[in-house]
Amino acid sequence: MSAFVALDGVSHAYGGAGGTLAVEDLSLSVAEGEFAAVVGPSGCGKSTLMKLATGLQFPFKGEVAVAGQQVTQPVKIAGMAFQAPTLLPWRTTLENLLLPLEIVEPHRSQLRRRKADYVARAEALLASVGLDGQGVKYPWELSGGMQQRTSLCRALIHEPQLLMLDEPFGALDAFTREELWGVIRDLHAARKITVVLVTHDLREAVFLADRVFVMSARPGRVLVERKIDIPRPRDLEVTFTSQFTDLVHELRGHIVRARQ
Amino acid sequence: MNSGSLGVRLAPWLFTVVMFVLWEAIVRLFNIPTFFLPPPTAIAQAFVDFWPAIYRNSVFTLSTTMIGFAMAVGFGLFLGLVVGWSRTIYAGLYPLMIGFNAIPKVAVVPILVLWFGIGFIPAVLTAFLISFFPIVVNVATGLATIEPELEDVLKALGASKLDIMRKVGIPRTLPYFFGSLKVAITLAFVGSVISESIASNYGIGNLMLQAQAQFQVPLIFAGLVALAIEGIVMYWAMAVLEARMTKWAQRSGFAQN
C-alpha cells in the first residue's frame, strides 16, 4: 500500500522559522484506508499535525503529501472534527450537515439542483450514527454526544477520503465516549476511509487504530510507531483482554518517557 | 416571549404609578412650589394645555432621531463588517474611533451649525454621530469571536474569507447587532435633543428651552415626560425586533417555558 498521508522530515514553527518549534523533523505515513492514531503528551504538536495534513499550515522544512499530491493549499478531500462540535446554533442539525456542501465543489454549484439528493444523503448519514429523524432539531436541543455525532456527520457529508479527528470525544462522559468509538469504528469499516485520530486517550487509540504513533514532547516528532494487531471487527469486550491492556500499558510507558 | 406570572407583567405599571403618586404626595405634603417642582397633576395639565405644541415638536424630534439612527445603522453595520474583516483595518481604525467617541457630541454641534445652519440637519447628524459607535463595536465583536475550529473546518474545505463571512460571520453577528440597536436608538435620541436644545427652532429640546425662558416649569417637565415616553417606545421597538430576528440566540427564554 502506498502512503495516503505522508509527512517527511517536517518542521513547523509558529511565528515564522525563528519562532517556537511546534514539530521538528516529523515523519509519518498513513496508508490508504488505514486508521492511524497519534498520541503524545499535551503540547506535543498534535494539533499542528492536523493543520499540516489538511493544508491549513505549511511547514518551513520538509514535505507534506496527501493522496500523492504535495500539499500547497487546503486539501478539500478531508473532513475535520474537533473536541468542540462547533455547530451553528441558527441552523437545524440537517442544515448544519449541509454546510460543507455549500462550500466544497462540485457540490456547491449543484446544491440547488440536487437539494433533495443531498438532504436524503444527510438524513441517511444521520441515521447511520443513530440520529434518525433528529435533523429538524437545533443543535442546542441535542445532548453533547448527539452534537458530537452531528459534528462527525458534518465531517463526512462531502464523502472525504480522509477524516481528521482532533480529540473528538475529549469532552464526553466515559459511556458516551465508548458508544461513539463504536460509531467511528463502523463508519471506518463501512466507508474504507483513511482516518487520522489525534487523542490523549490511549485506550481509544488502541481500540480504534491499526497503528499508533507516539509523539515526543514539544517540538514534536514520532518516537514510536506501534502496530495494533487486534483482529477486526473489534468489540468493546476486547478492551478487557490482556492483549489490549498490555498494549495500553506499553504505550503508556512510551508516553511517560516522552514527558521526561 | 417569556410571559411570566401576572405579578411580573403588572410590576412595571405598578411601579410607575407608585412613583407618580409618591411624587404628588411629597409635593403636596411639603408645599413645594410649582415653579420649583411641579406635581404630576400639573404636568398632566400642561400636557393637555400644550398638546398641539408637544405633539408637533415630538414628531420633529422623533423624525430627526429616526433618520440619524437609520444612518447610524447603515454606516455602523458597514464599518463593523470592514473592521471585523481585516486586522489591519481594525488596528488602524480602532484608536481613531475611540478618540472620536470620546469627544462629547455637544461640542460638535456648533461645528455642524457652522456647516449646515441650525435646525433639522445638525439634529440628524448629531443623532447619527452619537449612535453609530456601539453598532460598529458590536458587529466587529461578533465577527472577532468566530470559533477558530469552525474556521479551520471550513478553510480546509477551501472556503474563501467571503464564504466564512457569509455562512458564519454575519449570522453570528446578528444578536450582537440587534442588541446594539437598543443602545444606539437611545443615544440617537439624546443626540437630537442635545442639538435641538442648542441650535434649533423645533423639537422637544427647543420646546423645553422656550418653556424655561417663559418660566413655564410644568411645560418643561411635560417635555421631559414626553421624551421619556418616546424613549421607552423606541427602546421597546428595538427589543421586539431583536427578539424576533435572533430567536436562536435566546435559548434561555425558551427553556423557561
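Predicted, not measured: the structure shown is a model, and the values here were computed from it.

Colleague: Explain the overall build of chain B residue by residue, including any values.
Modeller: Counting its secondary structure elements, chain B contains 11 helices and 0 strands. Ordering the α and β elements of chain B from the N terminus gives α-α-α-α-α-α-α-α-α-α-α. Residues counted as buried form 35% of the 257 residues belonging to chain B. A separation threshold of at least 6 residues defines the contact pool for chain B, and within that pool the share at least 24 residues apart is 77%.

Colleague: Explain the overall build of chain A to me, using residue names and the numbers behind them.
Modeller: A count of helical and extended segments in chain A gives 8 helices and 10 strands. Taken over the C-alpha trace, chain A has a radius of gyration of 18 Å; the compact-globule value for 260 residues is 18 Å, and the two agree within 12%. When its C-alpha atoms are laid out on the principal axes, chain A stretches across 50 × 45 × 35 Å. Buried residues in chain A amount to 42% of all 260 residues. Summarising the internal contacts of chain A: among those between residues at least 6 apart in sequence, 71% fall at separations of at least 24.

Colleague: Please set out the interface of chain A and chain B residue by residue, giving values where relevant.
Modeller: The interface is formed by 21 residues belonging to chain A together with 17 residues belonging to chain B. At the level of elements, β6 (78–81) and α2 (93–103) of chain A are the ones that each hand at least two residues to the side of chain A that touches chain B. Looking at the side of chain A that touches chain B, the element that brings in the most residues is α2 of chain A, giving 4 residues. Here the side of chain A that touches chain B is composed, by residue class, of 16 nonpolar, 3 polar and 2 charged.

Colleague: Report on the sheet that holds strand β9 (residues 211–215) of chain A, specifying residues and quantitative values.
Modeller: Residue and element names in this part refer to chain A. Pairing is mixed in the open sheet, where 6 strands are placed in the order β6-β7-β8-β3-β9-β10. Taken across any chain shown, the strands that pair with only one partner, and hence form the sheet edges, are β6 and β10 (222–227). Between one strand axis and the next, the sheet turns by 15° as a mean value, whatever way the strands run. Inspection of the sheet shows β6 paired to strand β7 (residues 162–166) by 4 bridges, in the parallel sense. What sits directly across from Met 80, in β7, is Met 164. The strands touched by helix α5 (residues 144–156) are β6 and β7; relative to β6, the strand with the most contacts, the crossing angle is about 165°.

Colleague: Let's hear about the nonpolar core: which residues, and what values?
Modeller: Judged by nonpolar contacts, the single largest core of 80 residues is most densely connected at Ala 209 and Val 212 of chain A. The element contributing the most residues to this core is α2 of chain A, with 6 residues. When near neighbours in sequence (up to four residues on either side) are disregarded, Val 212 of chain A contacts Ala 37, Val 39, Ala 205, Val 206, Arg 226, Ile 228 and Leu 251 of chain A. Within the second largest apolar cluster, 47 residues are counted, among which are Ile 54, Phe 69, Ile 204 and Leu 207 of chain B.

Colleague: Could you give me a rundown of the sheet that holds strand β4 (residues 61–66) of chain A, with the residues and numbers involved?
Modeller: All names here are of chain A. The 4 strands lie next to each other as β2-β1-β4-β5, forming an open sheet whose pairing is antiparallel. The sheet is open, and its two borders are formed by β2 (21–31) and β5 (69–70), each paired with just one other strand. As paired elements, strand β1 (residues 3–13) and β4 share 5 bridges and run antiparallel to each other. Bridge pairing links Val 5 to Val 66 in β4. The sheet strands contacting helix α1 (residues 46–54) are β1, β2 and β4, and the helix crosses β1 at an angle near 120°.

Colleague: Could you give an account of helix α8 (residues 242–259) of chain A, with specific residues and numbers?
Modeller: Residue and element names in this part refer to chain A. A rise of 1.5 Å per residue sets the reference length of α8, with its 18 residues, at 26 Å; its end C-alpha atoms lie 25 Å apart and thus fit the reference within 8%. Of all the positions in α8, only Leu 247, Leu 251 and Ile 255 are classed as buried. Relative to the axis of α8, the buried residues are bounded by an arc of 75° and lie together on one face. Along α8, exposed side chains directed more than 90 degrees from the buried face belong to Ser 242, Asp 246, His 249, Gly 253 and Val 256. Elements in contact with the buried residues of α8: β3 (35–39), α7 (202–208), β9 and β10.

Colleague: Give me the pairing of β10 of chain A: which residues, what numbers.
Modeller: Moving residue by residue along a regular strand, the side chains alternate between the two faces of the sheet. Across 5 bridges, the pairing between β9 of chain A and β10 of chain A is antiparallel. Among the inter-strand pairings, Val 212 of chain A is bridged to a residue of β10 of chain A, identified as Arg 226 of chain A.

Colleague: Outline the environment of Val 240 of chain B, supporting the account with residue identities and numerical values.
Modeller: Residue and element names in this part refer to chain B. Mapping Val 240 onto the fold places it in helix α10 (residues 217–245). On the basis of neighbour count, Val 240 is assigned to the exposed category, with 11 C-beta atoms found within 10 Å. Counting along the chain gives 43 residues from Val 240 to Ser 197, while the straight-line C-alpha distance between them is 30 Å.

Colleague: Go over the environment of Asn 96 of chain A with me, naming the residues and quoting the values.
Modeller: All names here are of chain A. Take Asn 96: it is sitting in helix α2. Residues Asn 96 and Thr 86, spaced 10 residues apart in sequence, show a C-alpha to C-alpha distance of 9.8 Å. In this view, Asn 96 contacts Leu 87, Leu 88, Arg 91, Pro 139, Thr 150 and Arg 154; residues no more than four positions away in its chain are not counted.

Colleague: Would you mind going over the environment of Leu 236 of chain A in detail, with residue names and values included?
Modeller: Residues and elements named next belong to chain A. Along the polypeptide, Leu 236 turns up in the loop between β10 and α8. Sequence separation between Leu 236 and Val 196 is 40 residues; the distance between their C-alpha atoms is 20 Å. Excluding residues within four positions of it along the chain, Leu 236 makes contact with Glu 178 and Gly 182.

Colleague: Outline helix α6 (residues 120–144) of chain B, listing residues and values.
Modeller: Two residues of an α-helix separated by three or four positions point the same way, owing to the 3.6 residues in each turn. Residues and elements named next belong to chain B. An ideal rise of 1.5 Å per residue puts 36 Å on 25 residues; α6 measures up with 37 Å between its terminal C-alpha atoms. Where α6 bends most, the angle comes to about 30°, and this point is Ser 131, followed within four residues by the proline Pro 134. Counting buried residues along α6, 22 of its 25 residues qualify, which places the element largely inside the surrounding structure.

Colleague: Lay out the confidence of the model for chain B in plain terms, naming residues and giving numbers.
Modeller: Per-residue confidence for chain B averages 89 on the pLDDT scale, and 96% of its residues sit at or above 70. In the model output, the complex is listed with pTM 0.78 alongside ipTM 0.80.

Rules and cut-offs
Residues numbered from 1 in each chain as written. Chains lettered and ligands numbered in written order. Predicted model: local features only at pLDDT ≥ 70, side-chain atom pairs only at ≥ 80, totals over all residues. Helix = DSSP H or I, 4+ residues; strand = E, 2+ residues; numbered from the N terminus. Buried ≥ 20, exposed ≤ 12 C-beta atoms within 10 Å, placed from the backbone. Contact = placed C-beta atoms within 7 Å. Rg over C-alpha atoms; globule rule 2.2 N^0.38 Å. Nonpolar A, V, L, I, M, F, W, Y, C, P; charged D, E, K, R; others polar. Pairing = 2+ DSSP bridges. Axes fitted to C-alpha atoms, helices over the stretch in contact; angles between N-to-C directions. Core = buried A, V, L, I, M, F, W, Y, C linked by C-beta atoms within 7 Å. Expected span 1.5 Å × (residues − 1). Arc of directions from axis to C-beta. Bend = angle between axes of the 7 residues up to and from the residue. pLDDT = per-residue confidence, 0-100.

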